[in-house]
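Geometric and topological summary
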Amino acid sequence: MEKEMRNIQLSDLSKYRGALMGVAMLIIILFHMPISRNSDWFGLARCGNVGVDMFLFLSGIGLWYAWTKNPSFRNFYWRRYIRIYPTWLLMASIFYINNYLTVKGGGYSPNIFHLIANILVNWSFWRIDDLTFWFIPSIMMMYTFAPLYMKLIQKHPVWRWMPLIALLWYALIRYYTPLWQAVGHVEIFWSRIAVFLLGINCGVWVKEKRSFETSGWGIVAITFILSLWLCVFIESTRRGSFPPLAERYAYIPLSISGMLLLCALFRHLPSWCLRIFTFIGGISLELYLVHIEFVLKYIKVYHLGYWLTTLSVLAISIPLAWLLSKLVDILVKRLPKQI
């Protein structure tokens with residue numbers, strides 16, 4: 001046990017994956033809460049967007065486990081989409097049909113074709129950067145090309161440098177005007193591909209239970225402090241007046257170092273506390289879809305303040321998300337286990 005506490009155990013990223021996703025979801029909810037720019041918490045709260053990078057990195061690790069266990073395209077796509085798509089269809093139908101019927105001009109869906117496309121693939125995100133549920137079409141797109149990437153790096157390991165290419169591509173989109181005009185409206189998607197690919201790359205180390213010596217904690221701590229410092233500084237002093245490229249790049253070391261530190265913390269937490277985080281991680285998809293448009297939207301009009309609004313949203317969203325997960329589970333059980 002003492003040795004485990006001294007070393008950096010990469011396998012902890014898999015062992016505590018559910019709890020880490022729970023923390024990431026809570027961070028994202030804190031990011032979404034309305035907060036005054038004059039608040040002492042403003043810069044830190046606005047850094048909560050890093051929870052997305054945590055999710056994508058952990059998802060990449062999980063995909064590597066799944067792919068190496070059963071490298072079947074059919075099995076891979078079925079298991080990935082059956083987790084997301086039924087829940088997405090239900091919530092997207094409720095939101096976009098209501099938006100179509102109540103907003104002048106059809107809102108995000110100017111006609112029936114766009115309405116159907118929004119429900120099926122969140123077409124308005126790819127078309128006009130509709131950020132309402134942007135993470136869902138983004139993660140489904142990443143799931144689509146993930147098996148091809150994993151197959152590629154198994155055969156040609158040199159392609160593990162792809163995260164660097166993804167970073168260069170994002171910078172080119174951000175600063176080369178023709179590319180920006182063509183695909184810059186989904187910048188939020190392009191900026192997250194690198195951390196997803198890094199998660200896949202690190203999957204082999206996590207699965208092999210690689211560890212690093214005690215001195216490695218020093219570099220982890222320095223990385224976390226400097227990247228958090230940079231992000232808080234940018235959010236506090238430059239928000240709305242700078243290209244987000246620098247902060248999006250800083251999210252990558254911030255998310256990875258932060259999760260390693262969280263794993264070290266989790267070893268000392270009581271089991272009941274870990275179970276709470278793991279429970280939240282287990283309904284993170286449902287929480288993401290529920291908490292903004294179906295809960296926060298109706299609570300923020302009362303101007304309860306940052307922390308009371310957050311607690312109110314959590315108190316309502318968590319039970320709703322759990323009920324949604326149970327409802328979808330009932331529906332999914334009627335489907336075949338695999339196509």
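This write-up is about the structure you can find in this document. (Residues numbered from 1 in each chain as written. Predicted model: local features only at pLDDT ≥ 70, side-chain atom pairs only at ≥ 80, totals over all residues. Heavy atoms only, no water.)

1. Some remarks on the overall build of the protein
- On a plain count of helices and strands, the protein comes out with 18 helices and 2 strands.
- The C-alpha radius of gyration computed for the protein amounts to 20 Å, which stays within 12% of the reference 20 Å derived for 339 residues, consistent with globular compactness.
- Evaluated residue by residue, the protein yields a buried proportion of 48% over its 339 residues.
- Sequence-distant contacts in the protein: of pairs separated by 6 or more residues, those separated by 24 or more amount to 77%.
- Of the accessible surface of the protein, which amounts to about 17,100 Å², a share of 68% is contributed by carbon and sulfur atoms.
- For the protein, the separation between the mean place of its 32 positive charges and that of its 15 negative charges on side chains is 8 Å. (Helix = DSSP H or I, 4+ residues; strand = E, 2+ residues; numbered from the N terminus. Rg over C-alpha atoms; globule rule 2.2 N^0.38 Å. Buried < 20%, exposed > 50% of the residue type's maximum accessible area, 1.4 Å probe, protein only. Contact = heavy atoms within 4.5 Å. Areas by Shrake-Rupley, 256 points an atom, 1.4 Å probe, with all protein chains shown as cover. Lys, Arg positive; Asp, Glu negative; His and termini not counted. Charge placed at Lys NZ, Arg CZ, Asp CG, Glu CD.)

2. Notes on the pattern of salt bridges
- All chains considered together, the criterion is met by 5 salt bridges.
- The salt bridge partner of Glu 187 is Arg 174, with a shortest N-O separation of 3.1 Å. In this pair, Glu 187 sits in helix H12 (residues 187-190) while Arg 174 sits in helix H10 (residues 162-175), placing the two residues 13 residues apart along the sequence.
- Classification of Glu 187 as buried rests on a relative accessible area of 11%.
- Between Glu 208 and Arg 210 there is a salt bridge, with its nearest N and O atoms 3.0 Å apart.
- Overall, the relative accessible area of 46% leaves Glu 208 in the partly exposed class. (Salt bridge = Lys/Arg side-chain N within 4 Å of Asp/Glu carboxyl O.)

3. What about the nonpolar core?
- Grouped together as the largest cluster of nonpolar side chains are 94 residues, with contacts concentrated most on Leu 13, Leu 20, Phe 135, Ile 136, Phe 196 and Phe 266.
- Once residues within four sequence positions are removed from consideration, Leu 20 is found in contact with Leu 13, Met 54, Leu 58, Met 259, Leu 262, Cys 263 and Phe 266.
- One finds Cys 47, Cys 231, Tyr 251 and Leu 254 within the second-largest nonpolar core, a separate group that totals 6 residues. (Core = buried A, V, L, I, M, F, W, Y, C linked by side-chain atoms within 4.5 Å.)

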